[in-house]
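These are the residues of each chain, in order.
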Amino acid sequence: MYQTIQKHYPDAVRITELETKIIIDLVQKKLDLKSTIWATSFCSDEVNNLFSPFYDLFAGPGPFMLGGISGLPFSGITGMKAFLSHAPSHGAVLILYGPHIGISEDGQIGKVNRQNQFASSTCCGSLVAAVESLKKEEHLPMNNPLDYQQARVIEHLYNKRESIIESDFPLKEATDVAYQEIHDKLYNILRAIKPQLTDLKLYLIGGIVINTDWAIEDYFEIKNIEFIELT
Ligand SMILES: [Zn+2]
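First, a word on scope: everything that follows refers to the structure included in this document. Keep in mind the model is a prediction, meaning the values are calculated, not measured.

### A word on the pairing of strand β4 (residues 92-97)
1) Next: With six of its six residues buried, β4 lies for the most part within the structure.
2) Next: With burial as the criterion, each face of β4 is covered, one bearing Ala 92, Leu 94 and Leu 96 and the other bearing Val 93, Ile 95 and Tyr 97.
3) Next: Relative to β4, strand β2 (residues 36-41) runs parallel, the two sharing six bridges. Paired with Trp 38 across the bridge in β4 is Leu 94.
4) Next: Pairing between β4 and strand β8 (residues 200-211): six bridges, direction parallel. Within β8, the residue paired with Ala 92 across the bridge is Lys 201.

Listed below in structure tokens is the structure:
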């Protein structure tokens, strides 16, 4: 497992290391942790309920969940506006975002062994299913209110269909594409509402969550860090 992580995500750090880095960064920027709220745009999968110290450290409990399946910020402009309106006066907001990918102890990409499961299961299930749809050239109906998020996930990956299905590691490629789509969508949402924002400090960290088997600590490969100060 460690070799597989090293091979595909050489810059990945343990989640506890990332937590420490975030705290140090915020303190160095002289931000009051109790005047900071946090949000995630991660996949709904419960394995992404990480960063447990943040529940106590920040104005809480957090996080505001901007993401839906795959990690795309399905809560949209309305969700982002709601989250930002919750920021403490003269406070800061931290947003963590990105897709996730499982790497099981025996090195299988896209699988993890969850607590008390006898076999490994897919991770990210949404992206695994989306890759299967791409292989079959399958679109899901966008107007089905019972599965519209997955329909959107497939559409977000469709432009990169060839590079995904021809890759030696299609799920890894799909995860990279998903990262870029999540990043672009999140920034587009922020750009759309920026004129309405004042007196706010935004700390954004994007990357890929690497989930491991239940008893092993997860990892995160940072792909973007940005600090934005709006006056
Ligand atoms: Zn997922």
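### Structural notes on the packing of helix α4 (residues 76-85) against helix α8 (residues 170-193)
1) Next: Here α4 crosses α8 at 70 degrees, and the two axes come no closer than 10 Å. Here α4 is positioned roughly perpendicular relative to α8, judged by the angle of their axes. Viewed along their axes, α4 and α8 form a crossing whose handedness is right-handed. Contacts between α4 and α8 involve Gly 76, Ile 77, Met 80, Lys 81 and Leu 84 on the former and, on the latter, Leu 186, Ile 189, Leu 190, Ala 192 and Ile 193.
2) Next: For the contact of α4 with α8, the class distribution of residues is eight nonpolar, one polar and one charged.

### Some points on the coordination of the zinc ion
1) Next: Cys 43 (SG), His 100 (NE2) and Cys 124 (SG) make up the full set of protein donors to the zinc ion, lying at 2.1 to 2.4 Å.
2) Next: Counting gaps between the donor residues of the zinc ion yields the pattern C-x56-H-x23-C. Here the residue Cys 43 occupies a position in the loop between β2 and α3 (54-57), and His 100 occupies one in strand β5 (residues 100-102), the gap between them amounting to 57 residues.
3) Next: With relative accessibility at 1%, the residue His 100 sits in the buried group.

Definitions and cut-offs
- Residue numbers restart at each chain and count upward from 1, following the sequence in its written direction.
- In view of the model being predicted, local features appear only for residues whose pLDDT reaches at least 70, and side-chain atom pairs are presented and counted only at 80 or more, with totals across whole chains, interfaces and linings using the full set of residues.
- To obtain the side-chain values, all non-hydrogen atoms of the structure were included, while hydrogens and water were left out.
- Residue burial is assigned from relative accessible area. The probe radius is 1.4 Å, only protein chains are included, and a residue is buried under 20% of its type maximum, exposed over 50%, and partly exposed in between.
- Numbering of helices and strands runs from the N terminus; a helix is a DSSP stretch of H or I covering at least four residues, while a strand is a stretch of E covering at least two.
- Following DSSP output, two strands are said to pair if at least two bridges run between them.
- In this analysis, axes come from line fits to C-alpha atoms, helices being fitted only over the stretch in contact, and the angle between any two N-to-C directions falls in the range 0 to 180 degrees.
- Note that the term roughly parallel is reserved for angles under 35 degrees, roughly antiparallel for angles over 145, roughly perpendicular for angles of 65 to 115, and oblique for everything else.
- Should the near helix be turned anticlockwise from the far one by less than a right angle, the crossing is termed left-handed; should it be turned clockwise, right-handed.
- Note on contacts: a residue pair qualifies if any of its non-hydrogen atoms lie within 4.5 Å across the two residues.
- Ten residues, namely Ala, Val, Leu, Ile, Met, Phe, Trp, Tyr, Cys and Pro, are considered nonpolar, four, namely Asp, Glu, Lys and Arg, are considered charged, and the remaining ones, Gly among them, are considered polar.
- Here the coordinating atoms are restricted to nitrogen, oxygen and sulfur within 2.8 Å of the metal centre, or 3.2 Å for Na, K and Ca, and because water is not among them the sites may look incomplete.

Any link to function would need more than the numbers given here.
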